[in-house]
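Structural overview
Listed here are the chains, written in short residue letters.
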2 protein chains.
Amino acid sequence: MKELFGNAVVGQSGGPTAAINATLAGVVRGVVENKGKNIAKLYGMRNGIEGFLQENLIDLSAFFANSEEKLRILEQTPAAALGSCRLKLPKPQDDPGFFERLITIFKKYNIRFFFYIGGNDSMDTVAKLTAYLETCDYEMKAIGIPKTIDNDLLGSDHTPGYGSAAKYIATTMQEILRDCAVYRIPAVTIVELMGRDAGWLTAASAVGRLAGGLEPDYIYLPECVFDLDKFLIDVKKALAKHPNVVIAVSEGVRFANGRYVGEGSQSGATDKFGHAYLAGVGKVLEYAVRDSIGCKVRSLELSLPQRCAAHLASDTDLSESAGVGKAAVSAACNGISGEVMSIVRSPEETYSVQFEHHPASAIANGVRRVNPEFCVPEGNQVTDSFCRWLLPLIQGERNLVYQNGLPAHLTF
Amino acid sequence: MKELFGNAVVGQSGGPTAAINATLAGVVRGVVENKGKNIAKLYGMRNGIEGFLQENLIDLSAFFANSEEKLRILEQTPAAALGSCRLKLPKPQDDPGFFERLITIFKKYNIRFFFYIGGNDSMDTVAKLTAYLETCDYEMKAIGIPKTIDNDLLGSDHTPGYGSAAKYIATTMQEILRDCAVYRIPAVTIVELMGRDAGWLTAASAVGRLAGGLEPDYIYLPECVFDLDKFLIDVKKALAKHPNVVIAVSEGVRFANGRYVGEGSQSGATDKFGHAYLAGVGKVLEYAVRDSIGCKVRSLELSLPQRCAAHLASDTDLSESAGVGKAAVSAACNGISGEVMSIVRSPEETYSVQFEHHPASAIANGVRRVNPEFCVPEGNQVTDSFCRWLLPLIQGERNLVYQNGLPAHLTF
């Protein structure tokens, strides 16, 4: 069998994470290790497939030639350094012209290897491109490399990017818990965390339990039905024990009828111009506590830093994120295509992982929720088994390169 | 003159910072260096003067005896490790019984040196205690040691705790700016920062300008009158230049009539139960942009982590915060009393500071605002001179002790 030879292209897509650039660095390193056997040159597409359609490409092989320092800074840069997009591809049968345009550009740049780093939609891009490639005479290997802080992709023990987000949330929650503990006045602090469909991020706020630290009194995940009366009973119970009650709640918790808890305020509250206030679940619970219990209460959201706080990235996550990028190059050069990379944890007691791959069509568009055994039966806390599962993923810190007091970031 | 000899007590008061425990460690080190010449034993009061009144004391000399490791972990622990309180003391003439009770406890524990680490109210405590001590026959030296992330205390070039909060804000703003830059769709992101009366914290978001990084398009401080029409013109101008517009705004910005911009929503919006929504300035500006410009817009608050993100503390700030604690012990042992410590910057080009002290009565209850020359005439950005002033304060990172993936914290 004649081995495939040509150029490669890599793109980033979907929401930023603290580790998506470590995966990009891994792809660069994988191409370097291939030593020109299959891949002559690596292009980067700016703003994902959207930029690719405009031939907005950068020669990454030239940019990173002999520069370990640049790769190191790329790995500690948050958000997609190549830029991102949110373009859902049409089905090949619905718009073959779209795919013909892609193939024309692949041919023009002799691109034979396609790497796409992203979430569910990006894996869908790989699946559709693969389906189209099977119908035409252009040979190209396409591999999807997952990234998502949400950890909700099928087929992986965990996703690249999740460990860093979890480390940020766990550390910040420790600091908030210390902050809340200084006064003796009864007070409730509600921390709203990301996670529309899965509670992996919110659950991470418990891990201080196994790291000599503190943990929130209660944790509410989208996987467990939320009951406002039970919640208020929980808060009263905690206040009876100590004055500083801290609650972690996923933005995506829902009532038994399937409605988001955050929806209450969205439909009910308006400002003087008649705008609906999109307050979120934290504010809804804050007002419920004020109304029913009457103690001091506040709510806060950890917001964007959950997905971009690269200064606190987990070294384990960055290393695995780079590793999965490198493994993708190796897989493609070995003839694999139409697959999505995954991280599989060894069943041994000592933590280790392997990189595998599964058909993109089986991965895209599914949602992986928190395992039922990771939630307590009352639905208001996570179990020790979850904390033990999470702990290896937040281990290690990068020795960051600083520039004038701020972490250095790389831009193309 | 016979030198004063006895025990010392230290307390923490007011809101937490990332550096208030470094100052506590500095006081401990100062007492160790005194080698029993003036101070036999150092007590810590739990929950400030409130706990002291209940004789809730801990023997810090015993706790930290020969334990450099414990002091090191104390220095990286956020929030007041001894606990805090928000007790405003009565005037001595209004309630002499209150002060007699304090003196009784001072006598019981033979306390001759009193150190109080806190903000404005704590300096007021030192001023009132000093005034009372002058009217009675109990000799005790009382020193106030400032801490506030707000940097709004008179008499100092900057306050202990500000440098770490500024480093957190500057770093997080860099990460948010990278996050916002990944898409090409026009979008406005409004970041609300702490600072009710002074804009020092918000101004810190600009410093990336001098550190090879990015900066928000506009920065609005309480020191400059806020005009909603001008703000919307600013946003439109920025959108004409690039798609990703980022705004930093102090919670305390006001209109020309003196009303807080955040007040608009507080008085206008209610939920279905009639509760007023306390939305804050970020939400008010978000709705204004949506209403007038109609592009994608979101607002977020950096919230509590601004004052407790010890994992990202500035080494310069921690060192100075410890230094000012140690200097306070030295000053008290040299007979100084009724004074508040301050940080004075050398006029030399190379950054260095000295620790001085000023009468507590002159410091308490004043507010130090951002120097007018640090704001541009248009009132929507800070100057390079501000960034140059700030830069030394955010330099350096601690080599943190981690425990199972999370920064170690000390508890008593």
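None of the values given here were measured: they were computed from a predicted structure.

Further remarks concern the sheet that holds strand β8 (residues 244-250) of chain B. Residue and element names in this part refer to chain B. Taken together, the four strands give an open sheet; going across it, the order is β7-β8-β6-β9, and neighbouring strands pair in parallel fashion. Strands with a single pairing partner mark the edges of an open sheet, and in this sheet they are β7 (218-220) and β9 (296-301). Direction aside, the axes of adjacent strands within the sheet are offset by 15 degrees on average. Across six bridges, strand β6 (residues 187-193) lies against β9 in parallel orientation. Within the sheet, the bridge partner assigned to Ile190 lies in β9 and is Ser299.

A word on unusual backbone geometry. At Asn47 of chain A, a position not held by glycine, the phi torsion is positive, near 55 degrees. By the element assignment, Asn47 of chain A lies in the loop between β2 (39-45) and α2 (48-53). By relative accessible area, which is 10% here, Asn47 of chain A ends up buried. Positive phi, close to 65 degrees, is recorded for Ala79 of chain B, a residue that is not glycine.

Tyr162, Phe386 and Leu390 of chain A together with Tyr162, Phe386 and Leu390 of chain B are the most contacted members of the largest nonpolar core, which has 90 residues in total. Dropping the residues within four chain positions of it, Phe386 of chain B is found in contact with Tyr162, Trp200, Ala203, Ala204 and Phe374 of chain B.

On to the layout of surface pockets, then. Residues and elements named next belong to chain B. Taken as a whole, the second largest pocket spans an internal volume of roughly 540 Å³. Surrounding the second largest pocket, 25 residues form its lining, Leu177, Arg178, Ala181, Val182 and Asn244 being those nearest its centre. Taken together, the elements giving at least two residues each to the lining of the second largest pocket come down to α7 (162-180) and β8. The residue makeup of the lining of the second largest pocket, split by class, is 14 nonpolar, six polar and five charged.

A word on the environment of Phe113 of chain B. Residue and element names in this part refer to chain B. You can see Phe113 is positioned in strand β4 (residues 111-118). Looking at Phe113, the relative accessible area reads 0%, which means it is buried. Along the primary structure Phe113 and Glu139 are separated by 26 residues, whereas in three dimensions their C-alpha atoms are 9.1 Å apart. When neighbours within four sequence positions are excluded, Phe113 is seen to be in contact with Leu4, Gly6, Asn7, Ala8, Val9, Asn38, Ile39, Met140, Lys141, Ala332 and Cys333.

Let us now look at the side chain of Ser122 of chain A. Examined against the element boundaries, Ser122 of chain A turns out to sit in helix α6 (residues 120-133). Contact partners of Ser122 of chain A, with chain neighbours within four places excluded, come to Ser13, Gly14, Tyr116 and Ile117 of chain A.

Calculation rules
Residues numbered from 1 in each chain as written. Chains lettered and ligands numbered in written order. Predicted model: local features only at pLDDT ≥ 70, side-chain atom pairs only at ≥ 80, totals over all residues. Heavy atoms only, no water. Pairing = 2+ DSSP bridges. Helix = DSSP H or I, 4+ residues; strand = E, 2+ residues; numbered from the N terminus. Axes fitted to C-alpha atoms, helices over the stretch in contact; angles between N-to-C directions. Buried < 20%, exposed > 50% of the residue type's maximum accessible area, 1.4 Å probe, protein only. Core = buried A, V, L, I, M, F, W, Y, C linked by side-chain atoms within 4.5 Å. Contact = heavy atoms within 4.5 Å. 1 Å grid on protein atoms, 1.4 Å probe; cavity = no way out; pocket = protein on both sides within 12 Å on 5 of 7 lines; lining within 4 Å. Points joined across faces, edges and corners; volume = space filled by probe spheres on them. Nonpolar A, V, L, I, M, F, W, Y, C, P; charged D, E, K, R; others polar.

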